[in-house]
Amino acid sequence: MERYSEILKKRKREIVLLRGSGCIYRKCAFCDYHTDKCADLHANFALNSQVLAWVSGRFGDLEVINSGSVFELDAQTLALIRQICREKGISTIHFESHYLYRDRIPALRQEFSGFQLKMKLGLETFDWAFREHVLKKGIPEQEPALIARGFDEANLLFGIRGQTFASMERDISLGLACFERICVNIMCPNTTPVKPDEHVISVFMDKIYPKYKDDERVDILIQNTDFGVGD
Ligand code: SF4
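A short tour of the structure in this document, coming up. (Residues numbered from 1 in each chain as written. Predicted model: local features only at pLDDT ≥ 70, side-chain atom pairs only at ≥ 80, totals over all residues.)

1. Section: the overall build of the chain
1) Next: Secondary structure summary: the chain contains seven helices and eight strands in total.
2) Next: Counting only C-alpha atoms and orienting by the principal axes, one finds that the chain spans roughly 45 × 35 × 35 Å.
3) Next: Within the span of the chain, comprising 231 residues, buried residues form 37% of the whole.
4) Next: For the chain, the share of sequence-separated contacts (at least 6 apart) that also reach a separation of at least 24 residues comes to 79%. (Helix = DSSP H or I, 4+ residues; strand = E, 2+ residues; numbered from the N terminus. Buried ≥ 20, exposed ≤ 12 C-beta atoms within 10 Å, placed from the backbone. Contact = placed C-beta atoms within 7 Å.)

Listed below in structure tokens is the structure:
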């Protein structure tokens, strides 16, 4: 499992895939990576310390992901992230979070005062019915501006049966209106019953990808390892 990489396209940054106590939600129909977890906080800190030792600070920008939400990382790991970012001159830190933790974001920003925190929401789509009935994402809110409140960035998930050119275009334009940056993830085969839909993916690649491939505010992951971490 690769846990450190550098993202050299668009917004250049380092990225680390750390390990936490595990996603407390675990109901997203398309997700099986929440299995990267461990209940032993000391073992997590030992692993995370090794991964964070790779961080050089060369871009002044670090993305931290952990197969769940930042709030599932142990306190020692969070303290080490702060320490390393201070030592290496990193001013911007990206964390991911499920919507259910949104009320804890202001306190996290306080904990990381002195840094620019970019909180990335696992949104997948603004289409409420699809998101909640098919993807089972657990975001009850329907209003885009309210969903985005407290977050700076968002993940979108495309390539699943039921999605269309219009739904994907709408997600991207709303995403760019509500967030500073978005990350489009194309569904990849995994152990869940949610399968990639080749027709939807070809619509995306033919009609949407060319329009956004050079947009600095849109990361696009065709393979889920395109950031260089994961397996
Ligand atoms: S997508 Fe994120 S929130 Fe949903 S089950 Fe997977 S790790 Fe948990």
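Additional details are given in the paragraphs that follow.
2. Digging into the pairing of strand β6 (residues 153-158)
1) Next: Among the six residues of β6, five are classified as buried, and the element is accordingly described as predominantly covered.
2) Next: Note: strand β5 (residues 116-124) against β6, four bridges, orientation parallel. Among the inter-strand pairings, K120 is bridged to a residue of β6, identified as E153.
3) Next: Pairing geometry for β6 and strand β7 (residues 181-186), over six bridges, is parallel. Bridging from a neighbouring strand, E153 pairs with R181 of β7. (Pairing = 2+ DSSP bridges.)

3. Considerations on the sheet that holds strand β4 (residues 92-97)
1) Next: Ordered by their spatial adjacency, eight strands build an open sheet running β1-β2-β3-β4-β5-β6-β7-β8, and the pairing between neighbours is mixed. Among the strands making up the open sheet, the edge pair consists of β1 (4-7) and β8 (218-221). Adjacent strand axes in the sheet meet at a mean angle of 20 degrees, parallel and antiparallel pairs treated alike.
2) Next: Judged from the four bridges that link them, β7 and β8 form a sheet pairing that is parallel. For N185, the partnering residue across the bridge sits in β8 and is L221. (Axes fitted to C-alpha atoms, helices over the stretch in contact; angles between N-to-C directions.)

4. Some thoughts on the packing of helix α6 (residues 165-178) against helix α7 (residues 198-212)
1) Next: Between α6 and α7, the least distance of the axes is 10 Å, while the angle of their chain directions is 25 degrees. As judged from the angle between their axes, α6 and α7 are roughly parallel. α7 is crossed by α6, and the crossing has right-handed handedness. On the side of α6, the interface is formed by F165, M168, E169 and I172, while α7 contributes V203, F204, K207, I208 and Y212.
2) Next: Here the contact of α6 with α7 is composed, by residue class, of seven nonpolar, no polar and two charged. (Parallel < 35°, antiparallel > 145°, perpendicular 65-115°, else oblique. Left-handed = near helix turned anticlockwise from the far one by under 90°. Nonpolar A, V, L, I, M, F, W, Y, C, P; charged D, E, K, R; others polar.)

5. Quick notes on the nonpolar core
1) Next: Core analysis: the largest hydrophobic core is formed by 50 residues, its most contacted members being V64, L156 and F158.
2) Next: Setting aside anything within four residues of it in sequence, one finds F158 in contact with Q163, M168, V184, I186, M187, V200 and F204. (Core = buried A, V, L, I, M, F, W, Y, C linked by C-beta atoms within 7 Å.)

6. Notes on the site of the ligand
1) Next: The ligand sits among C23, Y25, R26, C28, C31, H34, S67, G68, H98 and G122.
2) Next: Among the residues making up the shell around the ligand, the classes are represented as four nonpolar, five polar and one charged. (Near = placed C-beta within 6 Å.)

7. Some remarks on the environment of I7
1) Next: For I7, the position within the fold is in strand β1.
2) Next: Between the C-alpha atoms of I7 and G228, which are 221 residues apart in sequence, the distance is 7.6 Å.

8. Things to note about the pairing of strand β3 (residues 61-65)
1) Next: Judged by how many residues are buried, β3 sits mostly within the fold: five of five residues are covered.
2) Next: With burial as the criterion, each face of β3 is covered, one bearing D61, E63 and I65 and the other bearing L62 and V64.
3) Next: Here strand β2 (residues 13-17) runs beside β3; their pairing, made up of four bridges, is parallel. Note on β3: the bridge partner recorded for I15 is E63.
4) Next: Once the chain exits β2 it traverses helix α1 (residues 41-52) before rejoining the sheet at β3, and the crossover so formed is right-handed.
5) Next: With four bridges joining them, β3 and β4 adopt parallel strand pairing. Its bridge partner lying in β4, L62 is registered against I93.
6) Next: Taken together, β3, helix α2 (residues 75-88) and β4 form a β-α-β motif whose crossover is right-handed. (Right-handed = clockwise from strand over helix to strand, strands pointing away.)

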